[in-house]
Amino acid sequence: MLAQLRQYKHEEVQFDDNRTTGESQTEDTVNPNAEDYFGAEMDELDVETWDTVEYEGDPIQRRALTIDGITAVSVPDDSLEEDESALPGHTIQIRTAGDIETIANAEIVEVQDEQP
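What counts and how
Residues numbered from 1 in each chain as written. Predicted model: local features only at pLDDT ≥ 70, side-chain atom pairs only at ≥ 80, totals over all residues. Heavy atoms only, no water. Pairing = 2+ DSSP bridges. Helix = DSSP H or I, 4+ residues; strand = E, 2+ residues; numbered from the N terminus. Axes fitted to C-alpha atoms, helices over the stretch in contact; angles between N-to-C directions.

Judged from the nine bridges that link them, strand 1 (residues 2–10) and strand 3 (residues 58–68) form a sheet pairing that is antiparallel. Bridging across to strand 3, Lys9 finds its partner in Gln61. Strand direction decides the pairing type here: strand 1 and strand 6 (residues 100–112), joined by six bridges, are antiparallel. The residue of strand 6 that forms the bridge with Ala3 is Val111.

One open sheet accounts for six strands, arranged 2-3-1-6-5-4; its pairing is antiparallel. Two strands in the sheet have a free side with no partner beyond their single neighbour: strand 2 (51–55) and strand 4 (70–74). Averaged over all pairs of adjacent strands, the angle between their axes in this sheet comes to 45°, without regard to strand direction. The sheet contact formed by strand 5 (residues 90–96) and strand 6 spans five bridges and is antiparallel. Residue pairing for strand 6: Ile94 is matched across the bridge by Glu101.

What follows is the structure, encoded as structure tokens:
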């Protein structure tokens, strides 16, 4: 199976002399133009890309995950309890042929069985 997920995390704060505590980072600061920053386009790099989005009035980061070769997807009961992280999503458990991986603060976008 193939699963597409969205994972969320709190914005990573980078302090500098021109920024005060509590001041939100801008999209340009968190996600500068790839060619200016790395000297190459993002498609040419093998990196995790987090986008800054707004959630309940606060900036958070979100990324898209695509995982192939899955045998099962589940949401453990304890992840449905009130989450103290104030982020969207739940803990998603992904099982593959010989491994179990948990992904915190994630939402299932789509799960496809490639060979029904």
